[in-house]
Structure formats: C-alpha cells, structure tokens
Amino acid sequence: MSRRFRLACGGVPVVVAVTALAAPRAFAIQQFHDQFVAKYVTGKEGTPLATAVAEAKCNVCHVAGESKKNRNAYGQALADLLDKKEDAKNVEKIQQALDEVAALPSKVAGKTFGDLLAAGTLPGTE
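Residues numbered from 1 in each chain as written. Predicted model: local features only at pLDDT ≥ 70, side-chain atom pairs only at ≥ 80, totals over all residues. Heavy atoms only, no water.

## Here's the deal with the overall build of the chain
(1) Moving on: What the chain contains, in helices and strands, is six helices and zero strands.
(2) Moving on: The secondary structure elements of the chain, listed N-terminal to C-terminal, are α-α-α-α-α-α.
(3) Moving on: The buried share among the 126 residues of the chain stands at 30%.
(4) Moving on: Sequence-distant contacts, at least 24 apart, represent 47% of the contacts inside the chain between residues at least 6 apart. (Helix = DSSP H or I, 4+ residues; strand = E, 2+ residues; numbered from the N terminus. Buried < 20%, exposed > 50% of the residue type's maximum accessible area, 1.4 Å probe, protein only. Contact = heavy atoms within 4.5 Å.)

Structural data, given as structure tokens:
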C-alpha cells in the first residue's frame, strides 16, 4: 500500500469521530414520545392529531424554533412529573403522567390538555 493511501485511511476514523461528536443531540426522550404516540395516535392514523404529531415530532412538548431545552406548557407539565433519567423506561409512570397532564388546564380558556388532544389539536400549541 502506498503511504498516501495509509494516511488517507488512517484519517477516516478521526473524521468519523469528530463528525459524531459534532452531530446535534436530541433533548426529547424517545420513550416519552413513543408512549405519547401509543396513547394518542396508534390506531388513529390519518386523523388530524396523528398528522400533527407526525409533523411536530419533538415539538409536541418542545417550543418550535427554539432550544430543545425550552418546553411548551404541555411539555413543562410532563417534565414536572417525569424525570428523564429515572422514568425513561417506566412505561406505567409515563402513561400515568400523560393521564394526569391530560386533566390539567391548558392555556385555552376552559380546555384541558386532554380536551385539546380529543379535538385533534396538539396540546402545547395553544
């Protein structure tokens, strides 16, 4: 092998490592999102809520266009009940938190987060 080839190939792992470290990290917890989808979307594909959730992705709970550390009112209510490290694998606790938050008032007068979800509206985009 030529010296150039060995040098070029030797640099590939460094480039891959630097690229991986520089990649943006998601702040949303996948298990929380998955449980939300299981509760409100699964079996209801094609509905306005299912479409909105698919488009919103992380922004079901986070504020669009801002730091993922910023949550909308719905996301903040869930964050008050769930710890991302301790509860990420606790399906029962996640589902319980989703139920509790659904009963809380949203910023829409007279509507709970659950009312908004039942109407096919994302809960944090009031």
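Next comes the rest of the write-up.
## Quick look at the confidence of the model for the chain
(1) Moving on: Residues of the chain with pLDDT of at least 70 account for 76%, and the chain-wide mean is 82.
(2) Moving on: Ranking the helices and strands of the chain by mean pLDDT puts helix 5 (residues 91-102) first, with 97, and helix 1 (residues 3-22) last, with 46.
(3) Moving on: Counting interchain partners and residues more than four positions distant, the pLDDT-below-50 stretch residues 12-27 has three contacts. (pLDDT = per-residue confidence, 0-100.)

## Quick word on the packing of aromatic side chains
(1) Moving on: Taken as a whole and judged by the stated rule, the model has three aromatic pairs.
(2) Moving on: Their ring planes at 75° and their centres at 6.0 Å tell us that Phe 36 and Tyr 74 sit as a pair that is edge-to-face. On the criterion of sequence distance, the pair formed by Phe 36 in helix 2 (residues 30-40) and Tyr 74 in helix 4 (residues 73-81) is long-range, its members being 38 residues apart.
(3) Moving on: By relative accessible area, Phe 36 is classed as buried at 3%.
(4) Moving on: Judged by relative accessible area, which is 0%, Tyr 74 ranks as buried.
(5) Moving on: Consider the rings of Tyr 74 and Phe 113, whose centres lie 5.3 Å apart with planes at 70°: the pair is edge-to-face. (Phe/Tyr/Trp six-rings, centres within 6.5 Å; stacked < 30°, edge-to-face > 60°.)

## Re the state of the cysteines
(1) Moving on: The final tally for this structure, using the stated rule, is zero disulfides.
(2) Moving on: The cysteine Cys 58 is free of any disulfide, with Cys 61 supplying the nearest cysteine sulfur at 9.0 Å.
(3) Moving on: By relative accessible area, Cys 58 is classed as partly exposed at 28%. (Disulfide = S-S within 2.5 Å.)

## Thoughts on unusual backbone geometry
(1) Moving on: For Lys 57, which is not glycine, the phi dihedral falls at a positive 50°.
(2) Moving on: Turning to its location among the elements, Lys 57 is positioned in the loop between helix 3 (48-56) and helix 4.

## A word on the side chain of His 62
(1) Moving on: As for its placement among the helices and strands, His 62 is situated in the loop between helix 3 and helix 4.
(2) Moving on: A residue is classified by how much of its surface remains accessible, and His 62, at 7% relative accessible area, is buried.
(3) Moving on: In this structure the side chain of His 62 is engaged in a polar contact, spanning 3.4 Å, whose partner is the backbone oxygen of Asn 70. (Polar contact = N/O pair within 3.5 Å; in protein donor to acceptor, adjacent residues only side chain to side chain.)

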